[in-house]
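As a plain string of letters, each chain reads:
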Amino acid sequence: MKILLSFDIDGTLEVGDPPGPLTMDMVRRVKEKGFLIGSCSDRPISAQRAIWKEHDIEVDFVIPKHMLSDVKKKFPADIYCHIGDREDLDRQYALKAGYDFLWPDEACENDWFK
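Residues numbered from 1 in each chain as written. Predicted model: local features only at pLDDT ≥ 70, side-chain atom pairs only at ≥ 80, totals over all residues. Heavy atoms only, no water.

**Considerations on helix α2 (residues 45-54)**
Every buried residue of α2 is listed here: Gln 48, Ile 51 and Trp 52. Along the axis of α2, the buried residues cluster in a sector spanning 95 degrees; they form a single face. Turned more than 90 degrees away from the buried face of α2, the exposed residues are Ser 46, Arg 49, Lys 53 and Glu 54. (Buried < 20%, exposed > 50% of the residue type's maximum accessible area, 1.4 Å probe, protein only. Helix = DSSP H or I, 4+ residues; strand = E, 2+ residues; numbered from the N terminus. Arc of directions from axis to C-beta.)

As structure tokens, then:
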């Protein structure tokens, strides 16, 4: 089963501002399991790429939040999930694009990251 995870940064990942509960090691874990991963953030593309490069994590995509549906068109998967901390942006954009949605605390409890 192919799973694609899209991560918000601020309030979601430990490297965000504010920091979130998902660690970069957790992200590495799902990447090692074969998940398609990337970020979907309000941050500029260059800033998103710099974060992944700094932590030596190869991602499949980096996009602005409103482009989640483009990722779905480019990467076939059985499950699409966006993880974020904001109702007005993360959750709404995810649901509009046909993704499942998890709050960061919920995601931490998911077996994907264990």
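**Quick word on the nonpolar core**
Counting residues in each nonpolar core, the largest one holds 23 residues, and the members touching the most others are Leu 5, Phe 7, Leu 22, Trp 112 and Phe 113. Only β1 (3-7), α1 (24-32), α2, β4 (79-83) and α5 (104-109) provide two or more residues apiece to this core. Looking at this core, the element that brings in the most residues is α1, giving four residues. Excluding its chain neighbours within four sequence positions, the residues that come into contact with Phe 113 are Leu 5, Phe 7, Leu 22, Met 26, Arg 29, Val 30, Lys 33, Ile 83 and Ala 107. Membership of the second largest hydrophobic core comes to 14 residues, among which are Phe 75, Ala 94, Tyr 99 and Phe 101. (Core = buried A, V, L, I, M, F, W, Y, C linked by side-chain atoms within 4.5 Å. Contact = heavy atoms within 4.5 Å.)

**Observations concerning the sheet that holds β4**
The parallel open sheet is built from five strands, whose spatial order is β3-β2-β1-β4-β5. Of all strands in the sheet, those bounded by a partner on one side alone are β3 (61-64) and β5 (100-102). Averaged over all pairs of adjacent strands, the angle between strand axes in this sheet comes to 25 degrees, irrespective of strand direction. Pairing geometry for β1 and strand β2 (residues 36-41), over four bridges, is parallel. Within β2, the position partnered with Phe 7 by the bridge is Ser 39. Running over the sheet, helix α4 (residues 87-96) touches β4 and β5 and is turned about 160 degrees from β5. (Pairing = 2+ DSSP bridges. Axes fitted to C-alpha atoms, helices over the stretch in contact; angles between N-to-C directions.)

**So, α4**
Along α4, the residues classified as buried are Leu 89, Asp 90 and Ala 94. The buried residues of α4 all sit within an arc of 100 degrees when viewed along its axis, so they share a single face. Tucked into the core, α4 has its buried residues touching α3 (68-74), β4 and β5.

**Focus: the pairing of β1**
Counted residue by residue, β1 has five buried out of five residues, so it is predominantly covered. Side chains Ile 3, Leu 5 and Phe 7 of β1 all project onto a buried face; the interleaved residues Leu 4 and Ser 6 project onto the opposite face, where all are buried too. Pairing geometry for β1 and β4, over five bridges, is parallel. Residue pairing in the sheet places Phe 7 in a bridge with Ile 83 of β4. Each parallel crossover has a hand, and for β1 linked through α1 to β2 it is right-handed. (Right-handed = clockwise from strand over helix to strand, strands pointing away.)

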